[in-house]
Amino acid sequence: MTTAAPAPPTATPARKSGASAPTPARPRRRGGLGPAALTILTWAIALLFVSPALWLVLTAFKQESDAATDPPTFFFEPTLDQFRTVFASDFLPYLGNSLVATLVSTLLVLLLGVPAAYALSIRPVKRTQDVLFFFISTKMLPVVAVVVPLYVAAARLSMLDTVWTLVILYTAMNLPIAVWMLRSFFLEVPKGIIEAAQLEGAGLPRVLWSVMLPIMAPGVAATALICMIFSWNEFFFAVNLTASQAATVPVFMVGFITSEGLFWAQLAAAATLASLPIVVIGWVAQRQLVRGLSMGAVK
Amino acid sequence: MSAATDTEPARRTRATQRAQGWALRAPLLPALIFTILVTQLPFLVTIFYSLQSWNLLRPDSQTFVGLANYLAVFTDAQFLGAALNTIVFTSACVLVAMALGIGLALLLDRKFLGRGVARTLLITPFLIIPVATALLWKTTMFDPVFGLIGFVLTPFGLGDVDWVSQYPIVAVVTALVWQWTPFMMLLVLAGLQSQGRDVIEAGQVDGAGRWQMFVGITLPHLRRYIELGVLLGSIYVVNTFDTIYMMTQGGPGTASANLPFYIYQRTFLGFDIGQSAAMGVVVVVGTIIVATLALRLIFRSFMFAQEGIS
């Protein structure tokens, strides 16, 4: 994980990701705080930092009568009632919409973004920098500035309250960052390999698909992961452009605003369920996440 | 095109070059055209709307009014307050999250028992749906009667502070910082781990103290990662909508409304299309100015040519 020699990238997926707790390493000699004390301090801070999330999960397993108490209840008999209630209240259609919007838009981002990033990395097209700058600049435009025209356009095309509107918008939303990330991954592919393939007469699709993609798989995974997080969590377009048919999981959560203070346990169960898919994916693919966020600067 | 160069082989070379140029450019086009269609075209329409007086509640009210909407924007105290809030939210969130992120990353950048588990726990707030995060903080954390914060702070005499209504900005920034700290931490951690061990060991041999090493060696090395974090964080936090929608609804009054939320209110609750379009245009122009300045400052060493933002 540190700066090793350029490791064969194909080995990366095999590397164990996620909770790797290797041998409790022997501490280096250092002044100041002892290593054991530093470890305890680290753990204390980590637990304190995530305590709101832990509290959320804990609350999800409570009865409503235990959820909002003064002082807070720490010991109780766990129950799955709240999860049952959430599923009973039509949660699944929202989940389905979120899945479609997230997966299809991520796929589209890769379909559009991989060739674009390739073009921007191989030989600098004239004005490469301008194009890159243009892409990132679209992320700086506040979405509220375009939501009315989008709303009107969707209404005219009878695309209000359809999940495909969200798919298109999420694709546009994530494409700029994806192009930036993918380009930085493309830049790491040795030029010799590409030229060799081209000399053998392989066309662009072949070069992309069978030469570059295998090398770039971790980078593509990292990009896809970031796109999925942002699509799954997106709220503004979802709440403004959908109603009953195409509403996604974050919109489902709005229903709890009105019942504030009354159904905390149920709210906690819904929040836990709604976040679970992305949380689990993020946990499993931590290393890819780091690679993606650092725009490929770290191997 | 001078006659001297216009010989037959030269022309052919130029033609192949042009063909090659297009072959290189072609893969870029679908993404570029798609982005222009979905992000730039609607903005042009927004500019058009901003010159109209148009309220959806009054059909057939659409008339051309020139720059009147813009005049109204700049004399709208609430708009200016929302602009100020946006700056406060963004800078406070990004700075605090970055400081915490650096601290956590430094703690994680050594081997210790259960390091992987600790890191896994620490990244979780970034993965939770922001809407859920906002609700979590608003209810189970900040509730004046049943909230955990009040319970913890009772010994300090802050037990019954109603954070969300008395200090809405603090409450919103807290939730945002909680959400974005893991993002910064991951970036800084990536930077720390790309740092060569030999440099650190050389520093240790030289007898440099921990703080000296951090300021003299580590921080300069991290600079790029910190800049990237600040840039990406700002881009996303400026557009924050869900946290405010769920926690405070911009309230009390418009005390905690930022620009996205305020414009949303004017659009979808006030139905004032012309007015909110003008606000959108003003925000975009303001963002371009700030972003260009910031990019010039941050990325002086980077490759950006200073072309205008479209």
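Bear in mind the structure is a predicted one, so any value in this text is a computation, not a measurement. (Residues numbered from 1 in each chain as written. Chains lettered and ligands numbered in written order. Predicted model: local features only at pLDDT ≥ 70, side-chain atom pairs only at ≥ 80, totals over all residues. Heavy atoms only, no water.)

**A short note on the overall build of chain A**
To keep it simple, the criterion reads: Only runs of H or I of at least four residues qualify as helices and only runs of E of at least two qualify as strands under DSSP, and these elements are numbered from the N terminus. Any residue under 20% of the maximum accessible area for its type is buried, any over 50% is exposed, and the rest in between are partly exposed; the area is computed with a 1.4 Å probe on protein chains only. In what follows, a contact means two residues having at least one pair of non-hydrogen atoms within 4.5 Å. Accessible areas in this description were obtained via Shrake-Rupley with a 1.4 Å probe; residue shielding takes into account the shown protein chains only.
Helices and strands together make up the secondary structure of chain A, namely 13 helices and zero strands. Secondary structure elements in chain A, listed N-terminal to C-terminal, are α-α-α-α-α-α-α-α-α-α-α-α-α. For chain A, with 299 residues in total, the buried portion stands at 56%. In chain A, the proportion of contacts linking residues at least 24 apart, taken out of those at least 6 apart, comes to 76%. In the form shown here, chain A has an accessible surface area of approximately 13400 Å², with 68% of it arising from carbon and sulfur atoms.

**Quick notes on the nonpolar core**
To keep things clear, this is the line we draw: Put simply, a nonpolar core is a bunch of buried Ala, Val, Leu, Ile, Met, Phe, Trp, Tyr and Cys residues held in one set by side-chain atoms that sit within 4.5 Å of each other. These domain limits were set by an automatic method or by a database of domain assignments.
The biggest cluster of nonpolar side chains holds 187 residues, and the ones touching the most others in it are A:Phe135, A:Met212, A:Phe237, A:Met253, B:Trp180, B:Tyr245 and B:Met247. Ranked by the residues each element gives to this core, the list is headed by helix α9 (residues 168-193) of chain B, at 17 residues. Three or more residues apiece are contributed to this core by two domains, here domain 1 (3-50) and domain 2 (71-298) of chain B. Setting aside residues up to four positions removed in sequence, A:Phe135 forms contacts with A:Leu120, A:Pro176, A:Val179, A:Trp180, B:Leu28, B:Ala31, B:Leu32 and B:Thr35.

**Remarks on the side chain of A:Asn97**
All names here are of chain A. The condition that has to hold: Two N or O atoms form a polar contact when they lie within 3.5 Å of each other; inside protein one atom must be a possible hydrogen donor and the other a possible acceptor, and for residues adjacent in sequence the pair counts only when both atoms belong to side chains.
Along the chain, Asn97 turns up in helix α4 (residues 91-121). Taking the relative accessible area as the measure of exposure, Asn97 reaches 14% and is therefore buried. A polar atom in the side chain of Asn97 sits 2.9 Å from the backbone oxygen of Gln245. Here Asn97 is in contact with Val163, Gln245, Ala246, Ala247 and Thr248, once residues within four sequence places are set aside.

**With respect to the UniProt feature "transmembrane region" (unreviewed entry) in chain A**
All names here are of chain A. Counted only if it meets this: UniProt positions are given in the numbering used here, feature names are shortened, and annotations may be inferred rather than shown by experiment.
Feature annotation in UniProt places "transmembrane region" (unreviewed entry) on residues 36-58, 99-120, 132-152, 164-186, 207-232 and 263-285, given in this structure's numbering. For the annotated span residues 36-58, helix accounts for 100% and strand for 0% of the residues, and the straight-line distance between the end C-alpha atoms is 29 Å. Structurally, residues 164-186 comprises 100% helix and 0% strand, and the distance from its first C-alpha atom to its last is 30 Å.

**Brief notes about the pattern of salt bridges**
Opposite charge on two side chains makes pairing possible when the charged atoms of those side chains draw close. All names here are of chain B. To keep things clear, this is the line we draw: By definition, a salt bridge exists where a carboxyl oxygen of Asp or Glu is found within 4 Å of a side-chain nitrogen of Lys or Arg.
For the coordinates displayed, the defined rule picks out four salt bridges over all chains. For Arg266, the salt bridge identified is with Asp272, shortest N-O distance 3.8 Å. One salt-bridge network, held together by shared partners, links Asp76, Arg266 and Asp272.

**Some words on the confidence of the model for chain A**
Residues and elements named next belong to chain A. The following threshold applies: Looking at any residue, its pLDDT shows the predictor's confidence there, from 0 to 100.
Overall, the prediction assigns chain A a mean pLDDT of 81, with 84% of residues at 70 or greater. Mean pLDDT values for the elements of chain A range from 80 in helix α13 (residues 286-293) up to 93 in α4. For residues 1-30, every residue scores under 50 in pLDDT, and the model assigns this stretch 33 contacts once sequence neighbours within four places are set aside.

**Examining the packing of helix α1 (residues 35-60) of chain A against helix α6 (residues 130-141) of chain B**
Quick reminder of the rule: All axes here are fitted lines through C-alpha atoms, helices being fitted over the stretch that makes contact, and every angle between N-to-C directions spans 0 to 180 degrees. In this scheme, roughly parallel covers angles under 35 degrees and roughly antiparallel covers those over 145, while 65 to 115 is roughly perpendicular and the rest are oblique. Basically, the charged four are Asp, Glu, Lys and Arg, the nonpolar ten are Ala, Val, Leu, Ile, Met, Phe, Trp, Tyr, Cys and Pro, and anything else, Gly included, counts as polar.
It is the contact of α1(A) with α6(B), at a shortest axis distance of 11 Å, that shows an interaxial angle of 75°. In terms of orientation, α1(A) and α6(B) fall into the roughly perpendicular class. Where α1(A) approaches α6(B), its residues A:Pro52, A:Ala53, A:Trp55, A:Leu56 and A:Thr59 are matched on the opposing element by B:Leu136, B:Trp137, B:Thr140 and B:Met141. Here the residues of the contact of α1(A) with α6(B) are counted per class, giving seven nonpolar, two polar and no charged.

**Brief notes about the interface of chain A and chain B**
What counts here: Throughout, buried area stands for the accessible area (probe radius 1.4 Å) lost by two parts on being put together, summed over both.
Of the residues lining the interface, 109 residues belong to chain A; the matching set on chain B comes to 101 residues. Contact between chain A and chain B buries roughly 10000 Å² in total, counting both sides, with carbon and sulfur atoms accounting for 77%. On inspection of chain A and its partner chain B, the count reaches zero salt bridges. Here chain A is connected to chain B by eleven residue pairs in polar contact (both at pLDDT 80 or more). A total of 16 residues in the side of chain A that touches chain B trace back to one element, the largest contributor, which is α1(A).

**Observations regarding the packing of helix α12 (residues 264-284) of chain A against α6(B)**
Here is the rule: Note on convention: near helix rotated counterclockwise from far helix by under a right angle means a left-handed crossing. Clockwise means right-handed.
Where α12(A) contacts α6(B), the axes come no closer than 10 Å and their chain directions differ by 155°. The orientation of α12(A) relative to α6(B) falls into the category roughly antiparallel. α6(B) is crossed by α12(A), and the crossing has left-handed handedness. Contacts from A:Trp264, A:Leu267, A:Ala271 and A:Ser275 of α12(A) reach α6(B) at B:Ala132, B:Leu135, B:Thr139 and B:Thr140. Class assignment for the residues of the contact of α12(A) with α6(B) results in five nonpolar, three polar and no charged.

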